[in-house]
Amino acid sequence: MLIIALIGIILGLLYYAVRNRYTYWVRRGIPHDEPTFPKGNMGDWSSKRQLSVIFKDYYLKYKNSGSPFAGLYFFFTKTIVVTDLELAKRVLIKDFNNFENRGIFYNEEDDPLSATLVTIEGQKWRHLRHKLSPTFTSGKMKHMLPIVLRVAEEMSKVFNEKLPSAKELEITDLVGRYTADVIGTCAFGLNCNSQRGANADFVDMGKRAVTERRYFGLLDFFIFGYPKLSRRLHLKITTEEVSDFYTRIVRETIDYRLKTKEKRNDFMDMLIEMYQKHQEGNTEDGLSFEELAAQAFIFFVAGFETSSTTMGFALYELAQHQDIQDKLRAQIKEVLAKHNNEFSYDNIKEMALLEQVVMETLRKYPVLAHLTRKANSDYSLDDPKYFIEKDSVVVIPALGIHYDPDIYPEPEKFKPERFTESAIQARQSCTWLPFGDGPRNCIGSRFGLMQTCVGLGHLIKDFKFSVSPTTQVPIKFVKKNLLLSAENGIHLKVEKI
Ligand code: HEM
C-alpha cells in the first residue's frame, strides 16, 4: 500500500511539475504554440523538420505578433525565439554581457575534447577567445593561403581525372575532401590528402565526431537540456574512439614539431607556441595539452563541413543560374589575367562577384542556421512584460531572418546583387547572420570565407556546372542534422571548360 501511495505521490508531483512548466508562456501572456508531452514544441524534430527550419517557421509565424519574442518549449526548457531585430541586436551585441554563454554541455574534467571555444563559458571563454583571436587575423590568413591554394589545385586535378568516366558528380563529398585537407593541414599539421583517398580515418573520424552519440543518443535531450546536472553526473559526449584518435594525432604532431623545429605558419604552430608558454609556467597566456587538443579539434569540426557545405550549395545555385555562373567565370579570369594567372589574398578581393555569390549562398543556406545564447540573469526590456528570465535559452532564428520578405524581397530567389556594398549599407544590422554577430561570433569567418572563395574560384574557372536529371530541385535538408545539408547530396553535371 505504502509503495503504491508513494508512486501515486511521485506521479502527482511529476504531473504538477510538467503542467506548471507547460503553462509558463500562457501565464506570462507570451505568444507560443501549444506544447505536447514530452517534446514540448519540438514534436516535428527530427523526423519531419530540421531544427533551424522549426525556428524559421516560428519566426515567420510570430514576427508580427507585437511581442519581441515568441515562447517555445524545447522539451521542458523555456526557450525564447527572438522575432524582433532590435532584440536580436541587444542579445548579440549591446547587452552581450548578459548573454555571453550558449549554455551548451561540456565537461572539461571527464571529456576534455568537449571543452572548446564553442562551449566553455564566462571568464574562461573570454580569456581563451582573447588568446586565440590573433590566430585568425588577416596577416595570419595570408600566411596560410599557400596551403589553401595547393589543396585547391589538387581538387581541380581530382575533378578533372573523374570527368572522362563520369559526366555527373556528387559534389558534397569531393568539396568535403578539399576542406578536410585544408583544415586537417592547418589545424593538425597533417598532409591529409583525403582527396586521393589517403588518411581516410582522419575525415571519417571528423564526420563521426558530429554524428555519433554516446549512450545511443538516448541521453541527448537530458545532456543538452540540463548541462550542469549532466556535468555533475560525469556524463560525456565525445566517444572514446574519436577522443583517443584526435588526442593521439595532436600528441604526435606536437612531438614531431618540437623535435624537428619545423614551422608551417598554420593554426597548429600558433597553438604550440601557447602550449610552450604553459610548459614554461605561464598559465595566463599558455594552453595546457588538453586545452590545445580541444581547440585543434573544434577548428577541424567547425571549419570543415561548414565551408564545404557552403561550396556545395553555391555550386547548386550556380548550376541553376548559368548567367551568373558565366559572369562569375569571366570576372575570375579577368582578374587572374592581370595577376600572372595566380590567386592571391588581395586579388580574391577584386573578384567582387565571387564574394557576393558566397554571401547570397550563406543567406539562403546559413549552414548553422540558428544562434543560441543563455541569459546570465533576469533581463528586462522597455516593456517589463517582456522580461527574459535567468537561464532561459534565447534563440536567434537566422534562417527565419534570412527568409523574411520584408528584409529580403522574394527570399527564395538567388540574387547575389543583394550583397553589393550599397545594398548591404541599406539594410540594418543583424539581418545577415551566417557567422553570428557580436563578441561571440564565428572566430573563423575570415578563414571560412577564404577557403570557400578559393575553392569555388578554382572550380568555376576550370569547369561548367549544370543541373542533371538527378539533381534534387528544390533541395531537401537532412532533418536530423544540426547543420543544414542536402538530403541526397548534390548531383551536378560537370564539364571541363
Ligand atoms: C563558411 C564557414 C563557416 C560558417 C558558416 C561558420 C558559422 C559559425 C556560426 C554561425 C557560429 C556561431 C556564432 C554565434 O553564435 O554568434 C560559429 C562559431 C564558431 N566558429 Fe565558425 N563558421 C565557419 C567557419 C569556421 C572555421 C573555418 C573555423 C575555425 C577554423 C570556425 C570556428 C568557430 C568557432 C571556434 C566558433 C565559436 C566561437 C566562440 O564561441 O567564441 N568556424 N561559426
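Reading the values: rules and limits
Residues numbered from 1 in each chain as written. Predicted model: local features only at pLDDT ≥ 70, side-chain atom pairs only at ≥ 80, totals over all residues. Heavy atoms only, no water. Buried < 20%, exposed > 50% of the residue type's maximum accessible area, 1.4 Å probe, protein only. Helix = DSSP H or I, 4+ residues; strand = E, 2+ residues; numbered from the N terminus. Pairing = 2+ DSSP bridges. UniProt positions renumbered as here; feature names shortened; annotations may be inferred. Contact = heavy atoms within 4.5 Å. Salt bridge = Lys/Arg side-chain N within 4 Å of Asp/Glu carboxyl O. Axes fitted to C-alpha atoms, helices over the stretch in contact; angles between N-to-C directions. Left-handed = near helix turned anticlockwise from the far one by under 90°. Nonpolar A, V, L, I, M, F, W, Y, C, P; charged D, E, K, R; others polar. Near = heavy atom within 4 Å. Polar contact = N/O pair within 3.5 Å; in protein donor to acceptor, adjacent residues only side chain to side chain.

J.: So, the pairing of strand β1 (residues 69-74): which residues are in play, and what are the values?
T.: Counting buried residues in β1 gives six out of six residues, a clear majority hidden from the surface. Both faces of β1 are covered, namely the face carrying F69, G71 and Y73 and the face carrying A70, L72 and F74. Two elements, β1 and strand β2 (residues 77-82), share six bridges in a ladder whose sense is antiparallel. Bridge pairing in β2 links A70 to V81.

J.: Talk me through the UniProt feature "binding site: heme" (unreviewed entry) in the protein chain; I want residue IDs and the actual numbers.
T.: Per the UniProt record, the feature "binding site: heme" (unreviewed entry) sits at C442. Locating C442 in the fold gives a position in the loop between α18 (421-426) and α19 (445-462). The exposure class assigned to C442 is partly exposed, which follows from its relative accessible area of 33%. With near-sequence residues (within four places) excluded, C442 lies in contact with R129 and F435.

J.: Any details on the pattern of salt bridges? Residues and values, ideally.
T.: A full pass over the atoms with the stated rule returns 29 salt bridges. In this structure, K63 engages D404 in a salt bridge whose closest nitrogen and oxygen atoms are separated by 3.0 Å. With a gap of 341 residues between them, K63 in the loop between α3 (51-62) and β1 and D404 in the loop between α17 (398-402) and α18 connect regions that are remote in the sequence. The exposure class of D404 is buried, given its relative accessible area of 3%. With a closest N to O distance of 3.1 Å, R177 and D173 form a salt bridge. Linking R177 with D173, this pair stays in helix α7 (residues 171-188), spanning four residues, or about one helical turn. Relative accessible area serves as the criterion here: at 32%, D173 is assigned to the partly exposed category.

J.: Break down the side chain of E360 for me, with residues and values.
T.: Looking at the element boundaries, E360 is found in helix α16 (residues 352-364). Excluding anything up to four places from it in sequence, E360 contacts K413, F414, K415, P416, R418 and F419.

J.: With reference to specific residues and values, describe the pairing of strand β5 (residues 393-396).
T.: Judged by which residues are buried, β5 turns out to be covered on both faces: V393 and V395 on one side and V394 and I396 on the other are all buried. Alignment of β2 against β5, held across three bridges, turns out to be parallel. Among the inter-strand pairings, V81 is bridged to a residue of β5, identified as V395. Relative to β5, strand β4 (residues 371-374) runs antiparallel, the two being bridged by four bridges.

J.: If you had to explain the packing of helix α6 (residues 138-162) against α19 to someone new, which residues and values would you point to?
T.: Orientation of α6 relative to α19, taken along the N-to-C sense of each, is 35°, at an axis distance of 9 Å. Judged by the sense of rotation from one axis to the other, the crossing of α6 with α19 is right-handed. From α6, S138, M141, M144, L145, V148, L149, A152, E153, M155, S156 and F159 reach across to α19, where they touch R446, F447, M450, Q451, V454, G455, H458, L459 and D462. For the contact of α6 with α19, the residue count by class is 12 nonpolar, five polar and three charged.

J.: Account for the site of the ligand, with residues named and values stated.
T.: Not every one of the 27 residues close to the ligand is listed here, only the nearest: R102, R129, R373, R440 and C442. At a separation of 3.4 Å, an oxygen atom of the ligand approaches a polar backbone atom of D437. Measuring from an oxygen atom of the ligand, one finds a side-chain N or O atom of R440 at 2.8 Å. At the level of elements, α5 (122-132), α13 (289-320), β4 and α19 are the ones that each hand at least two residues to the shell around the ligand. Per-element accounting of the shell around the ligand gives the leading share, six residues, to α13. In terms of residue class, the shell around the ligand is made up of 14 nonpolar, eight polar and five charged.

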